[in-house]
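Here is what each chain is made of, one letter per residue.
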Amino acid sequence: MSEFSRRNVLRGGLAVTAAGAAVPALGAGPAAAGTPWPPPPGPAKVGRGDPRHASLAERGYNRRFVGAPEHVWVVGTTAHVVRAVQEAVDGGRRVTVRSGGHGFEGFVADPAVEVVIDTSAMTGVYHDPARRAFAVEPGALLGDVYRRLYLGWGVTVPAGWCPTVGAGGHVAGGGFGPLSRLMGLAVDHLEAVEVVVVGRDGRARAVVASRDGANRDLWWAHTGGGAGTFGIVTRYWFRTPGARGDDPAGLLPAPPPTVLSFSVEWDWAKLDATSFARLVRNHGAWAERNGGPDSPYTRLYSELQLNRRPLGSVGMIGQVAAGADAERLLDGHLEAVNEGVPVRPVRRLRRQPWLAAALAGSPGDPGPVYRLKVKSGYLRRRLTDAQIGVLHHHLTRTDYDHPGGSLSLYTFGGKVNTVAPDATAAPHRDTVLKLFYINGWEDPKDDAKHIGWLRELYRDLYADTGGVPAAGDGAFINYPDVDLADPALNKGASWQRLYFRDNYARLQQVKARWDPRNVFHHALSVRPAA
């Protein structure tokens with residue numbers, strides 16, 4: 001599961017509170033300066049008879065999907081990855097990769113996958129003076145990235161809210177978090193990427209692709225084209241465009257010294273259809289007014305959590321970047337959202353050092369204990385009144401008593417919207433809200449019922465556009481949903497259009513060049529150009 005989307009999972013319910021380079025010899029450290037410490041382990045090839053196999057095969061967030069690969073490679077260096085990929089290709093084995101393990105769909109656990117390359121031991125985060133950038137390996141969890149960058153140099157990358165997400169898949173999908181309205185997406189600071197690819201000759205090799213140098217097309221594909229589709233990332237390098245000099249403290253943005261974290265709750269029992277609609281309409285109108293980079297509210301990020309009524313409350317969580325006026329900004333946000341709503345919300349505030357808040361993550365993430373189904377959407381304008389009515393119906397309907405389903409609306413835009421839609425592969429640069437739909441449960445016997453409820457909500461909400469978001473709004477590849485590729489469920493824009501807009505044809509060209517044999521693929525991976 002990517003980004004900061006596992007929110008407030010509660011017992012009895014789930015509420016959502018985002019030319020080839022030289023390769024070192026096997027076992028050697030990275031080719032770049034700034035060697036990580038401790039030295040990397042491995043490689044270890046773990047087969048089905050090994051007691052470690054079950055732990056590695058089950059290391060996913062969504063309990064609906066548990067893989068059974070022939071073996072799992074635990075790798076520690078780029079050379080290990082090259083070796084593992086080459087062996088899989090030579091043996092005709094279907095291969096894939098796992099970093100943090102937070103994927104929502106069963107791409108890694110696909111029964112067709114025979115070899116999994118596990119990069120969880122590749123956790124280096126260090127300054128690379130040769131590139132004037134910070135290197136981050138794919139297995140590094142976001143919490144470790146934040147800690148090491150901040151304690152070492154006082155800088156950060158504006159990535160996700162969940163500290164246990166791995167950098168590998170998170171960055172490739174764009175990378176979005178509480179600071180993105182202020183600083184942009186994580187990929188807006190991506191300087192270069194190292195990827196293990198397989199050529200037409202069937203040979204695996206490591207390639208370095210950079211923003212302003214060699215193999216720029218492969219770099220571009222990793223700025224929102226999604227993971228598991230072009231090769232296996234073994235290292236990212238981050239440096240903010242325009243950063244000058246060699247001082248590491250000036251190569252990435254500094255986070256705020258403190259943040260004001262907040263949570264707000266409205267009692268569902270006191271909200272009727274009219275007041276619910278007013279609340280959702282107000283939040284969307286605020287996002288429209290403050291979705292641009294010049295808004296004084298780029299320092300404020302919030303998520304409106306529209307939970308099913310049996311859960312008992314509608315919530316909102318978020319953060320305001322430090323400043324003497326932080327509470328005033330929050331007051332203004334809450335006043336606008338609650339205007340005309342005859343329910344006084346309960347709010348809780350906590351001012352924290354930024355790093356403490358970053359390592360704590362979003363409230364209530366319980367770990368990989370639920371069976372999940374998720375969907376996503378972007379909005380350039382708020383939900384219509386008709387859509388809000390549909391939403392109220394599905395959140396309050398009495399023929400379905402499970403409390404776990406929800407829709408969260410994340411404030412988006414700000415600095416994100418200053419980047420051209422084709423400057424990176426992440427095209428949604430005119431968006432004011434990101435939508436995250438989720439349902440969670442525990443009993444496999446209930447899969448059809450709970451997946452069905454979420455599908456019905458999504459279908460009815462987008463009834464005017466074929467049961468899926470409008471093509472101009474789109475969906476988020478790091479919240480993958482294979483339903484979008486099912487013509488029985490998607491009668492609107494293609495999944496390629498929803499995830500990538502006009503960038504898909506270019507992504508296909510990159511795929512054809514760097515993975516011509518389609519070694520790396522899954523249900524929503526980019527297809528090679530014909």
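Residues numbered from 1 in each chain as written. Predicted model: local features only at pLDDT ≥ 70, side-chain atom pairs only at ≥ 80, totals over all residues. Heavy atoms only, no water.

(A) Spotlight on the sheet that holds strand β7 (residues 125-128). The strand order across the open sheet built from five strands is β7-β8-β11-β9-β10, with neighbouring strands paired in antiparallel fashion. Among the strands making up the open sheet, the edge pair consists of β7 and β10 (204-210). When strand polarity is set aside, the average angle formed by the axes of neighbouring strands in this sheet is 25 degrees. Where strand β9 (residues 190-198) meets β10, seven bridges bridge the pair, whose relative direction is antiparallel. Residue pairing in the sheet places V198 in a bridge with A204 of β10. (Pairing = 2+ DSSP bridges. Helix = DSSP H or I, 4+ residues; strand = E, 2+ residues; numbered from the N terminus. Axes fitted to C-alpha atoms, helices over the stretch in contact; angles between N-to-C directions.)

(B) The confidence of the model for the chain, seen in detail. Here the chain shows a mean pLDDT of 92. Residues at 70 or above account for 91%. Of the regions scoring below 50 in pLDDT, residues 1-33 engages in 151 contacts with residues more than four places distant in sequence or in other chains. (pLDDT = per-residue confidence, 0-100. Contact = heavy atoms within 4.5 Å.)

(C) Representation of the pairing of strand β3 (residues 44-47) in the model. Only one face of β3 is buried: it carries A44 and V46, and the other face, with K45 and G47, is open. In this structure, β3 lies alongside strand β4 (residues 71-74), joined through four bridges in antiparallel fashion. Within β4, the residue paired with G47 across the bridge is H71. (Buried < 20%, exposed > 50% of the residue type's maximum accessible area, 1.4 Å probe, protein only.)

(D) Looking closely at the packing of aromatic side chains. Evaluated as defined, the whole model comprises 25 aromatic pairs. Aromatic side chains F500 and Y504 sit 6.0 Å apart centroid to centroid with 20 degrees between the ring planes, which places their arrangement in the stacked category. Classification of F500 as buried rests on a relative accessible area of 0%. Taking NZ or CZ as reference, R131 lies 4.7 Å from the ring centre of W237, over its face. Directly above the aromatic system of Y458 lies the positively charged group of K375, at a separation of 4.7 Å from the ring centroid. (Phe/Tyr/Trp six-rings, centres within 6.5 Å; stacked < 30°, edge-to-face > 60°. Lys NZ or Arg CZ within 6 Å of the ring centre and 35° of its normal.)

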